[in-house]
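Overview (structure and organization)
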Amino acid sequence: MDIKGTELFVKALREEGVDTVFGYPGGMAIDLFDALYDADDIEVILPRHEQALVHEADGYARSTGKVGVCLVTSGPGATNLVTGIATANFDSVPLVCFTGQVSRDLIGNDAFQEIDIVGVTRNICKYAVTVRSRKDLATIIKKAFYVARTGKPGPVIVDIPKDIQLEAGSDEYPSEIFIRGYKPSTGVHVGQLKKAMTMLKAAKKPVFLIGGGVRISDAGDELTRLSERMRIPVITTIMGKGAIPTDHPLYVGNIGMYGNYASNKAVSECDVLFAIGVRFSDRITGRIEDFAPNAKIIHVDIDTASISRNIVVNVPIVSDAKTAIEEMLKHATECRTESWIESIDAWKGEKPINMDGCAGMTPEKIIRAINEIFPDSIVVTDVGQNQLWTTQFLEMNGKRQLLTSGGLGTMGYGLPAAIGASLGNPGAPVICISGDGGAQMNIQELATASALETPVIFCIFNNTFLGNVRQMQKMFYDKRYSSTCLRYSKSCKRQCVTDGTCAGADYLPDFVKLAESYRADGIRVVSEEEIEPAFRRAAANTDRPTVIEFVIDCDYDVYPMVPGGKALTDMLFG
């Protein structure tokens with residue numbers, strides 16, 4: 001039977017198990033939205049901005065393990081997805097983004113709202129294609145979902161011209177797909193793995209370095225058993241945090257620019273570094289020449305291109321993290337690491353991460369309250385100091401999840417991603433931790449949260465500055481606070497730039513009043529004693545969002561810190 005392309009589109013979504021679409025309508029997508037009007041089994045979420053839309057789909061995907069689906073119009077609708085597509089690409093999040101396009105006869109003629117979105121996104125996604133024929137529509141959509149969710153997950157863009165949406169054609173949708181040249185790794189090279197295990201068992205100072213790939217493959221339980229069986233300490237990247245419980249005696253902490261002393265020290269002194277699902281970005285390696293200088297390095301990753309790209313390894317293993325760890329468990333035996341573990345424990349005790357030297361209501365105290373009050377929550381961060389404090393102090397035990405923009409570092413990610421996570425996990429407490437800068441980049445999504453009665457708890461750490469940049473200006477630019485004060489007004493006459501004092505006007509906006517204008521509950525917290533009551537009040541709001549503004553000192557900084565271009569051992573402690 002012949003059906004319109006729009007009808008096939010809806011059928012394809014059903015066949016792929018899609019129950020939620022994050023969409024914003026427009027002229028070149030209006031027919032697709034019209035086809036969804038009668039699809040009661042597919043909920044269409046209307047955000048207030050397309051960039052927020054793609055972050056919402058991202059948060060939905062990360063927290064549920066499903067593919068996030070976006071639908072927007074051509075031109076600015078499509079280009080507003082770009083930052084979110086790049087965010088998802090860096091962090092291996094499965095998205096399928098459908099964009100409307102002008103009719104094929106208008107492509108290349110500078111038609112109204114025409115943009116070559118495939119050309120724009122080709123380098124920041126896993127696959128991008130414009131549908132050129134109605135007969136290819138079903139196969140392309142099937143391919144899009146398959147590519148997005150298999151191998152190293154990532155975003156896929158499907159651009160559908162308006163005339164193809166309306167053209168009649170076959171109603172058949174394939175049950176499976178074969179793509180020549182695309183064969184995701186499904187096994188592990190046992191010979192390479194045995195070689196790696198022999199190397200690991202002979203080590204006196206081994207460590208596991210765990211990245212986001214382990215969490216994506218849901219291999220946390222297997223990793224914990226492997227670490228316990230072999231008695232090998234575990235260090236994580238920010239994206240890998242939570243792969244092993246953070247209160248586990250073999251867990252050391254995060255590595256890198258804002259990692260803890262023990263983790264950076266252990267990597268710098270280990271003799272075998274077994275990395276799983278790690279990209280070895282500059283934020284975790286520091287100066288490459290000094291990274292793990294005494295170690296033989298083994299690297300397991302599902303993406304062949306990631307291996308030996310930044311750090312040359314001794315044993316490369318292309319495999320899904322869970323598959324590799326399950327195979328490793330078959331050959332695992334206890335290693336003699338008692339003295340090595342004692343050394344690491346001593347480093348942990350010597351320089352623990354805390355804010356004990358800071359008076360007043362610190363971010364640590366706020367996050368500790370979240371640990372206690374919301375044990376099984378989904379915690380989403382924005383980007384900046386708020387993100388770094390969260391990754392330092394948030395406990396990842398039990399069912400808690402942490403969602404954050406790790407690779408791209410996208411300000412404005414937090415609130416919409418939290419809304420997406422809440423929609424995908426009804427009933428689960430969802431807390432977003434943001435700075436006052438990032439909060440305002442997508443704060444219009446409070447309208448989305450209120451309209452959908454989504455009880456997201458939006459925590460704003462308000463230090464009146466773009467804190468992370470201010471910290472660098474304070475440390476390396478002689479306190480020249482250029483363009484980082486969010487209380488700046490014309491009447492200031494740049495006093496904050498010249499002497500560091502603030503003569504600015506009252507802070508804009510008033511977050512409590514703004515929250516109330518969005519029908520959210522607004523709370524301002526200025527002292528430590530008010531932290532717990534604020535969270536208890538927020539937890540009682542089950543049908544609307546809550547905004548909690550925590551007024552904190554602008555001089556709170558994130559330590560330890562490794563300056564850019566320095567070795568992991570060159571840590572600054574404030």
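Relevant structure appears above.
Anyway, here's the lowdown on the structure attached to this text.

The rules behind the values
Residues numbered from 1 in each chain as written. Predicted model: local features only at pLDDT ≥ 70, side-chain atom pairs only at ≥ 80, totals over all residues. Heavy atoms only, no water. Buried < 20%, exposed > 50% of the residue type's maximum accessible area, 1.4 Å probe, protein only. Helix = DSSP H or I, 4+ residues; strand = E, 2+ residues; numbered from the N terminus. Pairing = 2+ DSSP bridges. Core = buried A, V, L, I, M, F, W, Y, C linked by side-chain atoms within 4.5 Å. Contact = heavy atoms within 4.5 Å. Salt bridge = Lys/Arg side-chain N within 4 Å of Asp/Glu carboxyl O. Lys, Arg positive; Asp, Glu negative; His and termini not counted. Polar contact = N/O pair within 3.5 Å; in protein donor to acceptor, adjacent residues only side chain to side chain. Axes fitted to C-alpha atoms, helices over the stretch in contact; angles between N-to-C directions. Parallel < 35°, antiparallel > 145°, perpendicular 65-115°, else oblique. Left-handed = near helix turned anticlockwise from the far one by under 90°. Nonpolar A, V, L, I, M, F, W, Y, C, P; charged D, E, K, R; others polar. Disulfide = S-S within 2.5 Å.

Most of strand 17 (residues 430-435) is tucked away, with 6 of its 6 residues classed as buried. By the alternation rule, side chains of strand 17 split into Val 430, Cys 432 and Ser 434 and Ile 431, Ile 433 and Gly 435, which are all buried. Taken together, the 5 bridges between strand 17 and strand 18 (residues 457-462) define a ladder with parallel strand orientation. Residue pairing across strands places Ser 434 opposite Ile 460, the latter belonging to strand 18.

This part takes up the nonpolar core. Among the nonpolar cores identified, the biggest contains 36 residues, and Phe 9, Leu 13, Phe 98, Phe 145 and Val 158 are the most heavily contacted of them. Those elements that provide at least two residues to this core are helix 1 (5-15), helix 2 (30-36), strand 4 (68-72), strand 5 (95-101), helix 7 (137-149) and strand 7 (155-161). The greatest single-element share of this core, amounting to 8 residues, is contributed by helix 7. Ignoring any residue separated from it by four or fewer positions in sequence, one finds Leu 13 in contact with Val 18, Val 21, Leu 36, Ile 42, Val 69, Phe 98 and Phe 145. By size, the runner-up hydrophobic cluster in this structure holds 34 residues, among which are Met 257, Ile 366, Cys 459 and Ile 523.

So, about the pattern of salt bridges. In this structure the tally under the stated criterion is 25 salt bridges. Across the pair Glu 16 and Lys 142 runs a salt bridge, and its minimum N-O distance is 3.3 Å. Residue Glu 16 is located in the loop between helix 1 and strand 2 (20-24), and its partner Lys 142 is located in helix 7; the two are separated by 126 residues in the primary sequence. Exposure remark for Lys 142: the relative accessible area of 14% places this residue in the buried category. In this structure, Lys 66 and Asp 19 form a salt bridge, with 3.2 Å as the shortest nitrogen-oxygen distance. Of this pair, Lys 66 sits in the loop between helix 3 (50-64) and strand 4 while Asp 19 sits in the loop between helix 1 and strand 2, placing them 47 residues apart in sequence. Taking relative accessible area as the criterion, Asp 19 reaches 31% and is therefore assigned partly exposed.

Right, let's get into helix 16 (residues 363-373). One turn of the α-helix equals 3.6 residues, which is why residues spaced by three or four share an orientation. Taken across its 11 residues, helix 16 has 8 buried, putting it largely inside the fold. Regarding helix 16, the residues found buried are Pro 363, Glu 364, Ile 366, Ile 367, Ala 369, Ile 370, Asn 371 and Ile 373. Of the surrounding elements, those touching the buried residues of helix 16 are strand 15 (378-381), helix 17 (385-393), strand 17, strand 18, helix 24 (531-540) and strand 20 (546-551).

Secondary-structure assignment places Lys 241 in the loop between strand 10 (234-236) and strand 11 (251-254). This buried residue, Lys 241, is left without a salt bridge; Glu 395 holds the nearest opposite charge, at 9.0 Å. A polar side-chain atom of Lys 241 sits 2.5 Å from the main-chain carbonyl oxygen of Thr 391. Apart from the residues lying within four places of it in its own chain, the contact partners of Lys 241 are Arg 215, Thr 236, Thr 246, Tyr 251, Asn 254, Thr 390, Thr 391, Gln 392, Phe 393, Leu 394 and Met 396.

Turning our eyes to something else, we now look at the sheet that holds strand 15. The strand order across the open sheet formed by 6 strands is 16-15-17-18-20-19, and the pairing between neighbours is parallel. Two strands lie at the open edges of the sheet, namely strand 16 (401-403) and strand 19 (521-525), each paired on one side alone. Averaged over all pairs of adjacent strands, the angle between their axes in this sheet comes to 20°, without regard to strand direction. Most of the contacts of helix 3 go to strand 16, to which it runs at about 150°, and overall it touches strand 15 and strand 16.

Judged by which residues are buried, strand 14 (residues 315-318) turns out to be one-sided: Val 315 and Ile 317 face inward and are buried, whereas Pro 316 and Val 318, on the alternate face, are not. Where strand 13 (residues 296-301) lies against strand 14, 4 bridges are found, and the strand directions are parallel. Each bridged residue has a counterpart across the sheet, and for Ile 298 the counterpart in strand 14 is Val 315.

So, about the packing of helix 1 against helix 7. Closest axis-to-axis distance for the helix 1/helix 7 pair is 10 Å, and the angle between their directions is 30°. Classified by the angle their axes make, helix 1 and helix 7 are roughly parallel. Of the two possible hands of crossing, helix 1 and helix 7 adopt the one that is right-handed. For the pair helix 1 and helix 7, the contacting residues are Gly 5, Leu 8, Phe 9, Ala 12 and Leu 13 in the first and Leu 137, Ala 138, Ile 141 and Phe 145 in the second. Of the residues in the contact of helix 1 with helix 7, the class split is 8 nonpolar, 1 polar and no charged.

A few words now on the state of the cysteines. Evaluated as defined, the whole model comprises 0 disulfides. In this structure Cys 432 is not part of a disulfide, and its nearest cysteine sulfur, from Cys 459, lies 7.6 Å away. Note on Cys 432: relative accessible area 0%, which makes it buried.

Quick look at the sheet that holds strand 14 now. What the 6 strands build is an open sheet, ordered 11-10-9-12-13-14; its pairing is parallel. The open sheet has two free edges, formed respectively by strand 11 and strand 14, since each of these has just one partner strand. Neighbour-to-neighbour, the strand axes of the sheet open up by a mean angle of 15°, direction not taken into account.

Scope: geometric values only; no functional claims are made or implied.
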